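Commentary on secondary and tertiary structure
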Amino acid sequence: MPRFSVDPDISRAKTLDTAFYTDPAIYESAKDRIFVPSWQLVGDATQVSAPGQCHPFTLLENYLDEPLLLTKDQDRRIRCLSNVCTHRGTIVVHEPCTLHHLRCRYHGRMFGLDGSFHSMPEFKEVKDFPSGDDHLTSLPLFQWGPLLFASASLTSSYTPYLQDMISRVGWLPLEEFRFRPELSRDYHVNAHWALYCENYLEGFHIPFVHAGLNSVIDFGNYTTELFTYANLQLGIAKATEDCFDLPPSSPDYGKQVAAYYFFVFPNMMFNFYPWGLSINIVKPVSIQQCKVSFLTYVWKEALLHKGAGADLDTVELEDEAVVEAVQQGVRSRFYRHGRYSVTREQGTHHFHRIISSFMEAIH
């Protein structure tokens, strides 16, 4: 496997070797090296709002393809479990439902809503049974407002991924944000998942690609802040309207903040606007295609369609055209590396540095 080291000095650094975007073996390797330890948005608390409710889903379908299950037990605790029976490996729950216990329809193995093994027909003669291996695996789960996050790694902590974002905008009453499926949609982009993320991570292209967004964002005061496995692009408005009414406790108090653009490694964007939140999840589909899910949470209905978050569909289509052209370009035999703008591409450089650290880690 090629080495993906990226110089920590952005003024000297070169971008990732194009093999990262073009080599099928590297694309597969990134599953376990990058995505398994990551934290992913896996659902909304309203999907399991009452005791006994179960919600099956597939974590990053077409890539990790991990069958998982959200449950709420009688103690009203939400859990994220493996949805694979520990007997013969079939799926336990096939559709959203309300249950008192989990029962595999293949051979009748029964589990509690916490994943604990309860019983199994015709197993009296089996020695050393049951054991810890007979429980459904419980994954680490973290809740922020209505948002549920989980990791496929049993030892991964959410803190380096999510805590900086939560600390920065923790004053927002996320419990008042409501998911709006009619305002949410999926986009299919003919580009490697990382190329889509790289485009998001720099405001450098805004004056050249997004005329509408550039008319409301003050590009001269556009800043990037770097965290461990996340970063923030702070969008400052040109005018005083369509800005956050920031509390004095906010570190941004006194600024005309039009948008908080948080990126959480490796593939999530949390875009906070005065009207609410647009979450973008970049899901790998193939080495040259990804699906981007836009999830809309509305806080203040009257502010919809105003300011920096007014026309997200237009901005997305503009981004798609650019990213798909880059996908064509990285396959060229005449291109291997680029360089970074020291003032405008700190986010992309940081992203490449994190990729490098995960891909070069000894497993």
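Below is a summary of the structure that appears in this document. What you are looking at is a predicted structure, and each value in this text was computed from that prediction instead of being measured. (Residues numbered from 1 in each chain as written. Predicted model: local features only at pLDDT ≥ 70, side-chain atom pairs only at ≥ 80, totals over all residues. Heavy atoms only, no water.)

1. A look at the overall build of the protein
Within the protein, the regular secondary structure consists of 8 helices and 19 strands. Computed over the C-alpha atoms, the radius of gyration of the protein is 22 Å, within 12% of the 21 Å expected from 2.2 N^0.38 for a compact globule of 363 residues. Projected onto the principal axes, the alpha-carbon positions of the protein cover approximately 75 × 50 × 30 Å. Of all 363 residues assigned to the protein, the portion counted as buried reaches 53%. Sequence-distant contacts, at least 24 apart, represent 63% of the contacts inside the protein between residues at least 6 apart. Taken together, the 31 basic and 42 acidic charged side chains of the protein have centroids lying 4 Å from each other. (Helix = DSSP H or I, 4+ residues; strand = E, 2+ residues; numbered from the N terminus. Rg over C-alpha atoms; globule rule 2.2 N^0.38 Å. Buried < 20%, exposed > 50% of the residue type's maximum accessible area, 1.4 Å probe, protein only. Contact = heavy atoms within 4.5 Å. Lys, Arg positive; Asp, Glu negative; His and termini not counted. Charge placed at Lys NZ, Arg CZ, Asp CG, Glu CD.)

2. Here's the deal with the packing of aromatic side chains
Scanning the model with the defined rule gives 31 aromatic pairs in all. Between F179 and Y297, the aromatic rings sit 5.3 Å apart at their centres with planes inclined by 45°, giving tilted as the arrangement. Here F179, found in strand β12 (residues 178-179), pairs with Y297, found in strand β19 (residues 289-298); they are 118 residues apart in sequence, far enough to count as distant. The class for Y297 is buried, based on a relative accessible area of 3%. (Phe/Tyr/Trp six-rings, centres within 6.5 Å; stacked < 30°, edge-to-face > 60°.)

3. Brief notes about the pairing of strand β1 (residues 39-44)
Extensive coverage of β1 is indicated by the burial of 6 of its 6 residues. Pairing of β1 with strand β11 (residues 147-151), which is carried by 5 bridges, proceeds in the antiparallel orientation. Its bridge partner being in β11, Q40 is matched across the sheet by A150. (Pairing = 2+ DSSP bridges.)

4. Focus on the environment of W39
Topologically, W39 is positioned in strand β1. Taking the C-alpha atoms as reference points, W39 and F272, separated by 233 residues in sequence, lie 19 Å from one another. In this view, W39 contacts P140, L141, F142, F149, A150, S151, S156, S157, Y158, Y161 and M268; residues no more than four positions away in its chain are not counted. Polar contacts involving the side chain of W39 include one to the side chain of S156, which spans 3.1 Å. A polar contact of 3.2 Å, which involves the side chain of W39, links it to the backbone oxygen of S157. (Polar contact = N/O pair within 3.5 Å; in protein donor to acceptor, adjacent residues only side chain to side chain.)

5. Here we look at the side chain of T71
Turning to its location among the elements, T71 is positioned in strand β3 (residues 66-72). A polar atom in the side chain of T71 sits 2.7 Å from the backbone oxygen of L113. Ignoring any residue separated from it by four or fewer positions in sequence, one finds T71 in contact with V48, Q53, C54, R77, I78, R79, L81 and L113.

6. A word on helix α2 (residues 24-35)
Taking 1.5 Å as the rise per residue, α2 with 12 residues should run 16 Å; its terminal C-alpha atoms sit 16 Å apart, in good agreement. What α2 keeps buried is the set I26, Y27, S29, A30, K31, R33, I34 and F35. On its buried side, α2 packs onto α1 (19-22), β1, α4 (193-200), β18 (276-286) and α8 (346-360). The N-cap of α2, judged by a side-chain oxygen 2.8 Å from the amide nitrogen of A25 a few residues on, is D23. (Expected span 1.5 Å × (residues − 1).)

7. Describing the environment of Y161
Mapped onto the fold, Y161 is located in helix α3 (residues 159-169). In this structure the C-alpha to C-alpha distance between Y161 and D32, which are 129 residues apart in sequence, comes to 17 Å. When residues no more than four places from it in sequence are discounted, the contact partners of Y161 are P37, S38, W39, S156, Y229, A230, V264, F265 and F358. Only 3.4 Å separates the side chain of Y161 from the backbone oxygen of P37, close enough to count as a polar contact.

8. Side note on the sheet that holds β3
Strand order in the open sheet formed by 5 strands is β5-β2-β3-β4-β9, and the pairing between neighbours is antiparallel. One side of each edge strand has no neighbouring strand; the edge strands of this open sheet are β5 (97-98) and β9 (138-139). Here 2 bridges tie strand β4 (residues 78-82) to β9, and the two strands are oriented antiparallel to one another. Paired with C80 across the two strands is L139, which belongs to β9.

9. What to know about the nonpolar core
F20, W193, F270 and F272 are the most contacted members of the largest nonpolar core, which has 93 residues in total. The biggest single contributor to this core is strand β16 (residues 257-264), with 7 residues. In this structure, L69, V92, C104 and M120 belong to the second largest nonpolar core, which totals 14 residues. (Core = buried A, V, L, I, M, F, W, Y, C linked by side-chain atoms within 4.5 Å.)

10. Brief notes about the environment of M268
Positionally, M268 belongs in strand β17 (residues 268-273). Expressed as a C-alpha distance, the spacing of M268 and A30, which sit 238 residues apart in the sequence, is 16 Å.

11. Considerations on the pattern of salt bridges
Inspection of the entire model under this criterion finds 11 salt bridges. Between D17 and R336 there is a salt bridge, and its shortest N-O distance comes to 2.3 Å. You can see D17 sitting in the segment before α1 and its partner R336 sitting in the loop between α7 (312-329) and α8, a full 319 residues away along the chain. Its relative accessible area of 11% is what places D17 among the buried residues. Close ionic contact of E182 with R180 constitutes a salt bridge, the shortest N to O distance being 2.4 Å. For E182, a relative accessible area of 53% translates into the label exposed. (Salt bridge = Lys/Arg side-chain N within 4 Å of Asp/Glu carboxyl O.)

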